[in-house]
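Structural features, examined
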Amino acid sequence: MKRLASLLCLLSLLLVAAVAQAATDATGGKGVLIVAFGTSMESALPSFKAIEADYAKAYPGQPIVWAYTSDIIRKKLAGEGKTILSVNQALDECARKGIRDLRVQTLHVTGGEEYIMLQRMIVRNLTKNPGRFDHLWLGHPLLESSRDLEEVMAAVLDGLKKDRKAGDAVVLMGHGNDRGPGDLPMARVRAAFHEKDALVFVATVEGANSFDSVLPQLKAKGVKRVHIAPFMVVAGDHANNDLAGDEDDSWASMIRKAGMEVVPHLHGLGENAGVRKVYLRHTKDTRDDMANPRKSD
Ligand code: CO
């Protein structure tokens, strides 16, 4: 009896191994996990769709799995009957699909609060499941080098060029962080755009780079028309409400109240091909293999 039980146990182990092997054969053992903060707005999805299409082209035949870091957004979507995986669930799903060599790309703009959380979630999952991936290459956020910033600035300004007349200002809404390291990179983004073009202003929803100082500068420069756009991967809740909404305290309302015309561009950064190129470069070039942390010398 005991022998039969152990034989059955062995058979089931072999079956599990065979299923995993079949899954690995189907995917070539490779796959991509794209991680975003998330959005509950349908109108924000073109950005994610364009990103997905680029990745499907860059990694043909490989499964592309998505995860949102925001529990609040996942819960809201679950209430509408839409299931979006958490990072932990998505990593389990990748392993279940037989992926051994996983590329993870974050869609966060800077290495702020949400990105740090993502790193922590990956470490926790790998610690609980040692050896589940041969490689886990982490593609870093959009802006980490001066080259990234130059390319993103060029892409964003190019995208606005055809609608912008001489003397028109641009106001970009970044997210920023009240706490954590998302604040200082956005200060650099703000300064860099302004150095490149004195009529381009970047401010953030959270953190020290607030919109308060922008309005007096627009007035001082005698600006008549202002193009507003999100500096976030999607044109979601912040873009549609805090930036361009009808409420008195939206940036659009404040600019209009000061007597200037507002031209909204409600497109996320992910809808810009030049920006997507930077994300893809990060995915391809990363040397950050979280499944094989560097050993100390
Ligand atoms: Co927010």
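Look up a bit, the structure's there.
Summary of the structure given here. (Residues numbered from 1 in each chain as written. Predicted model: local features only at pLDDT ≥ 70, side-chain atom pairs only at ≥ 80, totals over all residues. Heavy atoms only, no water.)

For the cobalt ion, the full set of protein donor atoms is His175 (NE2) and His238 (NE2), at a range of 2.1 Å. Of this pair, histidine 175 sits in the loop between strand E5 (169-174) and helix H7 (183-196) while histidine 238 sits in helix H9 (residues 237-243), and the two are 63 residues apart along the sequence. Judged by its relative accessible area of 29%, histidine 175 is partly exposed. Taking the relative accessible area as the measure of exposure, histidine 238 reaches 23% and is therefore partly exposed. (Donors = N, O, S within 2.8 Å, 3.2 Å for Na, K, Ca; no water. Helix = DSSP H or I, 4+ residues; strand = E, 2+ residues; numbered from the N terminus. Buried < 20%, exposed > 50% of the residue type's maximum accessible area, 1.4 Å probe, protein only.)

Positionally, asparagine 209 belongs in the loop between strand E6 (200-204) and helix H8 (214-220). Take asparagine 209: its relative accessible area is 6%, and that puts it in the buried class.

Summarising burial for strand E3 (residues 101-106): 5 of the 6 residues are buried, a large majority. Of the strand pairs in this sheet, strand E1 (residues 30-36) and E3 are connected by 6 bridges, and their pairing is parallel. Paired with lysine 30 across the two strands is aspartate 101, which belongs to E3. In this view, the connection linking E3 to its parallel neighbour strand E4 (residues 135-139) by way of helix H5 (residues 113-128) has right-handed handedness. (Pairing = 2+ DSSP bridges. Right-handed = clockwise from strand over helix to strand, strands pointing away.)

Here H7 contains 14 residues, and its C-alpha end-to-end distance of 20 Å stays within 8% of the 20 Å for a straight helix at 1.5 Å per residue. Among the residues making up H7, those that are buried are Met186, Val189, Ala192 and Phe193. Along the long axis of H7, the arc covered by the buried residues comes to 120°, so they all point the same way. The exposed set on the far side of H7, more than 90 degrees from its buried face, consists of Leu184 and Glu195. Close packing links the buried residues of H7 with helix H6 (146-161), E5 and E6. (Expected span 1.5 Å × (residues − 1). Arc of directions from axis to C-beta. Contact = heavy atoms within 4.5 Å.)

Right, let's talk about the sheet that holds E3 for a bit. Reading across the sheet, the 4 strands line up as E2-E1-E3-E4 and stay open at both edges, with parallel pairing between neighbours. A single partner strand is all that each edge strand has here, and the edge strands are strand E2 (64-68) and E4. Ignoring which end each strand starts from, the neighbouring axes of this sheet average 20° apart. Sitting on the sheet, helix H4 (residues 87-96) is in contact with E1, E2, E3 and E4, with an inclination near 165° to E2. Those strands touched by helix H11 (residues 273-285) are E3 and E4, and its axis lies near 145° from that of E3. (Axes fitted to C-alpha atoms, helices over the stretch in contact; angles between N-to-C directions.)

Counted by the stated rule, this structure contains 18 salt bridges. Of the charged contacts, one joins arginine 225 and aspartate 168 as a salt bridge, the two residues approaching to 3.0 Å between their closest N and O atoms. Of this pair, arginine 225 sits in strand E7 (residues 225-230) while aspartate 168 sits in the loop between H6 and E5, and the two are 57 residues apart along the sequence. According to the relative accessible area criterion, aspartate 168 is buried, its value standing at 5%. (Salt bridge = Lys/Arg side-chain N within 4 Å of Asp/Glu carboxyl O.)

Another aspect to go through is the packing of H6 against H11. Orientation of H6 relative to H11, taken along the N-to-C sense of each, is 155°, at an axis distance of 8 Å. The orientation of H6 with respect to H11, classified from their angle, is roughly antiparallel. Taking contact as the criterion, the partners of Arg147, Asp148, Glu151, Val152, Ala155 and Val156 in H6 are, on H11, Gly274, Val275, Val278, Arg281 and His282. Taken together, the residues that form the contact of H6 with H11 break down as 5 nonpolar, 2 polar and 4 charged. (Parallel < 35°, antiparallel > 145°, perpendicular 65-115°, else oblique. Nonpolar A, V, L, I, M, F, W, Y, C, P; charged D, E, K, R; others polar.)

A word on the pairing of E6. Across a regular strand the side chains alternate sides, sitting on one face of the sheet and then on the other. Among the 5 residues of E6, 5 are classified as buried, and the element is accordingly described as predominantly covered. Of the pairings in the sheet, the one linking E5 to E6 comprises 5 bridges and is parallel in character. The partner of valine 171 across the bridge, within E6, is phenylalanine 201. One crossover worth recording links E5 to the parallel E6 by way of H7, and it is right-handed.

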